[in-house]
Number of protein chains: 2
Amino acid sequence: MSLVIIGTIAYDAIETPFGKTDKIVGGAATFAGLAAAYLYNQVKLVGVVGEDFGDDNLDVLRSKGINLDGVQVRKGEKTFFWAGRYHNDMNSRDTLVTDLNVLADFDPIVPDSYQDCQYLLLGNLTPQVQLTTLNRLQRKPKLVVLDTMNFWMDTAWEDLLTVLKSVDVLTVNDAEARQLAGEYSLVKAAEKILKLGPKYLVIKKGEHGALLFGDGQIFSAPALPLAEVYDPTGAGDTFAGGFIGYLAKVGTLTFHNMKNAVIFGSALASFCVEKFGAERLRELDSASISERLRLFTELTKFDIAN
Amino acid sequence: MSLVIIGTIAYDAIETPFGKTDKIVGGAATFAGLAAAYLYNQVKLVGVVGEDFGDDNLDVLRSKGINLDGVQVRKGEKTFFWAGRYHNDMNSRDTLVTDLNVLADFDPIVPDSYQDCQYLLLGNLTPQVQLTTLNRLQRKPKLVVLDTMNFWMDTAWEDLLTVLKSVDVLTVNDAEARQLAGEYSLVKAAEKILKLGPKYLVIKKGEHGALLFGDGQIFSAPALPLAEVYDPTGAGDTFAGGFIGYLAKVGTLTFHNMKNAVIFGSALASFCVEKFGAERLRELDSASISERLRLFTELTKFDIAN
């Protein structure tokens, strides 16, 4: 039994009001993998990097127990590179550079050792590659979670609709939910999206938390109020990794557990934004995660004797 | 012992994507009074209307047990009138008309029968009139809650800072908290605002819920996800009325009760936006409020065996 995560593995260069980085390690699979590995010990990545991707960077992932058999290292080619600048409100950003490099013709390899996959996270990437990965698993996983973004709605609409038919959970942000459904009301958007395939929908609202829809129920999770958000890059991927990592750990897919999974994802994402890139995410331990979960409980607990 | 509420009593003309109203009854004291009266039976209003304000409109408030001895009816003058148009996202609006009328020289009357005031809501109004009302009470109330808006920050900054020194709880929206503190981060804004006088701060975030700060703690309350928001007018006033109404009912000012008060305020506000003006707010009963509170509990409850 394993949790397989596919997504980008990238070099990012990030500017926020707090500073600027050179090329640092990023990418959906990196963030999601690190987050999931704190919760589940059979995490396996599918991805691709270039020859310029330092083996020490892969060692960071290996040191967390993450299996990289499905990560191709392409000789003579360069790693996917993204550069972006966040505005003061941290909710909007400009993409400065997108060099697809090895991603341009990425053909995902799913090693035999990954065929025990029960939990699959199709991290943010072209829907066609997400679908190919799913199809290369001989047995349909118990749970398929898909994360995507507005870019694929703009450029690969039909492919996205196709892969959505085969997933159990979709995670998108509020603007993306509105775009996907063509509805401003998130409640109405959720109703429409749940007819496209997913049984559950998570709408990520950044500093405003997240909403979970499914089984005719709604759950509202807070975000941890933080004095400073240093860098939001990867927070959504981290959320998705924490979400599916928790479900892989507990193994039962009830709404009750989905709610907890949203809280675990939110807690891990709250760490992610405290430093640049995946820096904070690399240095966690179970005690710091437990403490953060306790804060989430404190933050929302009330008791009305009604 | 009573709960005294001062605020505008108005005619509003509202345009939203769902429709358009003629002059309907609105105003901070109206919304807050109706909300509070469902929770506490000694609600007393201070306000002013013109001769054009139908007595049937006052009867609606009286029928809820609200004392109007402090509401002046000015012969030959007209009621405060506001007209506004909401944009599609319902988070921004244009003011089309503001006719101050009787509000221009409003001198609040605090009748002797109001001197038993233990709970005082200084609803949205000029800070000078809020301060005058407070000063006309012979004994300082057990709890003073102040609601204000960006307009007073722009036009009556010093008066606002003065009255803030004498209040226990401030309720503002997120943009207003940022403006008042000069800080983008709501956590940092709250730290600064709590040094201006209030012991507690509630930041209302509309569809994203509310945050309560105080006693070194933070509480995050959700908003009820609604398929449609017909008219947000008065939601903030309704919140404030529900908030202080609950505290007047329970009588003990702990952080635990403040949290519940935020939930009661949010629940009542969630009704307010379901119809135009105060229409929905007039027709509630304890069963519908209890059911709404149950939804809030369901919406946020999770249980991590951590």
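Residues numbered from 1 in each chain as written. Chains lettered and ligands numbered in written order. Predicted model: local features only at pLDDT ≥ 70, side-chain atom pairs only at ≥ 80, totals over all residues. Heavy atoms only, no water.

Chemist: I'd like to hear about the overall build of chain A, residue by residue, with values.
Modeler: When helices and strands are tallied, chain A shows eleven helices and 14 strands. Taking 2.2 N^0.38 as the reference for a compact globule, 306 residues should give roughly 19 Å; the C-alpha atoms of chain A span a radius of gyration of 18 Å, in line with that estimate. In terms of principal-axis extent, the alpha carbons of chain A reach across some 65 × 45 × 40 Å. Out of the 306 residues belonging to chain A, those deemed buried represent 59%. Carbon and sulfur atoms provide 49% of the accessible area of chain A, an area that totals close to 11700 Å². Of note, chain A has its 30 positive side-chain charges centred 5 Å away from the centre of its 38 negative side-chain charges. (Helix = DSSP H or I, 4+ residues; strand = E, 2+ residues; numbered from the N terminus. Rg over C-alpha atoms; globule rule 2.2 N^0.38 Å. Buried < 20%, exposed > 50% of the residue type's maximum accessible area, 1.4 Å probe, protein only. Areas by Shrake-Rupley, 256 points an atom, 1.4 Å probe, with all protein chains shown as cover. Lys, Arg positive; Asp, Glu negative; His and termini not counted. Charge placed at Lys NZ, Arg CZ, Asp CG, Glu CD.)

Chemist: Explain the packing of aromatic side chains to me, using residue names and the numbers behind them.
Modeler: Residue and element names in this part refer to chain A. With the rule as written, the count across this model stands at 16 aromatic pairs over all chains. Seen from their ring centres, phenylalanine 239 and phenylalanine 243 are 6.1 Å apart, and the 20 degrees between their planes marks the pair as stacked. Pair noted here: phenylalanine 239 and phenylalanine 243 are both in helix α8 (residues 235-250), with a separation of four residues, about one helical turn. With relative accessibility at 0%, the residue phenylalanine 243 sits in the buried group. (Phe/Tyr/Trp six-rings, centres within 6.5 Å; stacked < 30°, edge-to-face > 60°.)

Chemist: How would you sum up the relation of the copies chain A and chain B? Please name residues and give values.
Modeler: Overlay of chain A on chain B (RMSD 0.0 Å): rotation 180 degrees, translation along the axis 0.0 Å. Expressed as an axis order, the relation between the two copies is that of a two-fold axis. Residue histidine 208 of chain A of chain A places its C-alpha closer to the rotation axis than any other residue of that unit, at 3.0 Å. Most of the interface of chain A is mirrored in chain B, where 100% of its interface residues are also at the interface. (Least-squares fit on C-alpha atoms with pLDDT ≥ 70 in both. Contact = heavy atoms within 4.5 Å.)

Chemist: Account for the side chain of arginine 74 of chain B, naming residues and giving values.
Modeler: Residues and elements named next belong to chain B. In this fold, arginine 74 is placed in strand β6 (residues 67-74). A relative accessible area of 16% places arginine 74 in the buried class. A distance of 3.1 Å separates polar atoms of two side chains, one belonging to arginine 74 and the other to glutamate 77. (Polar contact = N/O pair within 3.5 Å; in protein donor to acceptor, adjacent residues only side chain to side chain.)

Chemist: Hey, could you go over the environment of glutamate 274 of chain A for me, with residue numbers and the actual values?
Modeler: All names here are of chain A. Mapped onto the secondary structure, glutamate 274 falls in the loop between α9 (255-272) and α10 (279-282). Distance from glutamate 274 to proline 232, taken between C-alpha atoms, is 8.4 Å for residues 42 residues apart in sequence. For glutamate 274, the contacting residues outside a window of four places in its chain are Leu226, Tyr230, Arg280 and Arg292. A distance of 2.8 Å separates polar atoms of two side chains, one belonging to glutamate 274 and the other to arginine 280.

Chemist: Which residues make up the pairing of β6 of chain B, and what values go with them?
Modeler: Strand residues, when the strand is regular, have side chains that alternate between the two faces of the sheet. All names here are of chain B. Sheet topology note: the strand β5 (residues 43-50)/β6 ladder contains six bridges and is parallel. Counted as the bridge partner of glycine 47 is valine 71 from β6. Following the chain from β5 across helix α2 (residues 55-63) to the adjacent parallel β6, one finds a crossover that is right-handed. (Pairing = 2+ DSSP bridges. Right-handed = clockwise from strand over helix to strand, strands pointing away.)

Chemist: Give a detailed account of the interface of chain A and chain B, specifying residues and quantitative values.
Modeler: Taken together, the contacts link 39 residues of chain A with 39 residues of chain B. Across the interface of chain A and chain B, roughly 3300 Å² is buried in total on both sides, 54% from carbon and sulfur atoms. Linking chain A to chain B there are four salt bridges. The salt bridge partner of glutamate 228 of chain A is lysine 188 of chain B, with a shortest N-O separation of 2.1 Å. At the surface where chain A touches chain B, the tally comes to twelve residue pairs in polar contact (both at pLDDT 80 or more). Ranked by the residues each element gives to the side of chain A that touches chain B, the list is headed by helix α11 (residues 286-300) of chain A, at seven residues. (Buried area = accessible area lost by both parts, 1.4 Å probe. Salt bridge = Lys/Arg side-chain N within 4 Å of Asp/Glu carboxyl O.)

Chemist: Before we move on, can you summarise the packing of α9 of chain A against α11 of chain A with the specific residues and values?
Modeler: Residues and elements named next belong to chain A. One way to put it is that α9 packs onto α11 with a least axis distance of 10 Å and a crossing angle of 115 degrees. The orientation of α9 with respect to α11, classified from their angle, is roughly perpendicular. For the pair α9 and α11, the sense of crossing is right-handed. Where α9 abuts α11, its residues Ile263, Phe264, Ser266, Ala267, Leu268, Ser270 and Phe271 lie against Ser288, Ile289, Arg292, Leu293 and Phe296. Class assignment of the residues belonging to the contact of α9 with α11 gives a composition of eight nonpolar, three polar and one charged. (Axes fitted to C-alpha atoms, helices over the stretch in contact; angles between N-to-C directions. Parallel < 35°, antiparallel > 145°, perpendicular 65-115°, else oblique. Left-handed = near helix turned anticlockwise from the far one by under 90°. Nonpolar A, V, L, I, M, F, W, Y, C, P; charged D, E, K, R; others polar.)

Chemist: Could you give an account of the sheet that holds strand β1 (residues 2-6) of chain B, naming the residues involved and the relevant values?
Modeler: Residues and elements named next belong to chain B. One open sheet holds the nine strands; their spatial order is β6-β5-β1-β9-β10-β11-β12-β13-β14, and the pairing between them is mixed. The open sheet is flanked by β6 and β14 (217-221), the only strands paired with a single partner. Within this sheet the neighbouring strands show an average axis-to-axis angle of 15 degrees, counted without direction. Where strand β9 (residues 117-122) lies against strand β10 (residues 143-147), four bridges are found, and the strand directions are parallel. Looking at β10, one finds that leucine 122 is bridged to leucine 146.

Chemist: How would you sum up helix α6 (residues 174-181) of chain B? Please name residues and give values.
Modeler: Residue and element names in this part refer to chain B. Extensive coverage of α6 is indicated by the burial of six of its eight residues. Taken as a whole, α6 has its buried residues at Asp174, Glu176, Ala177, Arg178, Leu180 and Ala181. Residues of α6 that are buried sit in contact with α4 (150-155), α5 (157-164), β11 (169-173), α7 (186-193) and β12 (200-204). At the N-terminal boundary of α6, the capping side chain belongs to asparagine 173, with an oxygen 3.0 Å from the backbone nitrogen of alanine 175.

Chemist: Tell me about the nonpolar core, residues and numbers included.
Modeler: The nonpolar side chains of a soluble globular protein tend to be buried, and buried together. All names here are of chain B. Membership of the largest hydrophobic core comes to 68 residues, with the highest contact counts inside it found for Leu3, Ile5, Val43, Leu45, Phe243 and Val262. Here this core gets eleven residues from one element, more than from any other, and that element is helix α9 (residues 255-272). Setting aside anything within four residues of it in sequence, one finds leucine 3 in contact with Ala36, Tyr40, Gln42, Val43, Lys44, Tyr119, Leu120, Leu121, Ile244, Gly245 and Ala248. (Core = buried A, V, L, I, M, F, W, Y, C linked by side-chain atoms within 4.5 Å.)

Chemist: Which residues make up the pattern of salt bridges, and what values do they have?
Modeler: Where charged atoms of side chains with opposite charge meet at close range, the side chains can pair. Using the criterion set out here, one finds 36 salt bridges over all chains in the structure. Ionic pairing is found between glutamate 274 of chain B and arginine 280 of chain B, a salt bridge with its closest N-O pair at 2.9 Å. Where salt bridges share partners, they join Glu274, Lys275, Arg280, Glu283 and Arg292 of chain A into one cluster.

Chemist: So what's going on with the packing of helix α1 (residues 28-37) of chain B against helix α8 (residues 235-250) of chain B? Residues and values would help.
Modeler: Residue and element names in this part refer to chain B. Look at α1 against α8: their axes get within 7 Å of each other, and the N-to-C directions meet at 40 degrees. Relative to α8, the element α1 lies oblique. Read as a crossing pair, α1 and α8 show a hand that is right-handed. In this structure, α1 uses Ala28, Phe31, Ala32, Ala35 and Ala36 to contact α8, whose residues at the interface are Asp237, Thr238, Gly241, Gly242 and Gly245. When the residues that make up the contact of α1 with α8 are grouped by side-chain class, the tally is five nonpolar, four polar and one charged.

Chemist: Please give an account of the side chain of threonine 30 of chain B that cites residues and values.
Modeler: Residue and element names in this part refer to chain B. Structurally, threonine 30 is set in helix α1. Looking at threonine 30, the relative accessible area reads 2%, which means it is buried. Looking at threonine 30, its side chain comes within polar contact range of the main-chain oxygen of glycine 26, at 2.8 Å. Leaving out residues up to four positions away in the same chain, threonine 30 has contacts with Thr8, Ile9, Val25 and Leu61.

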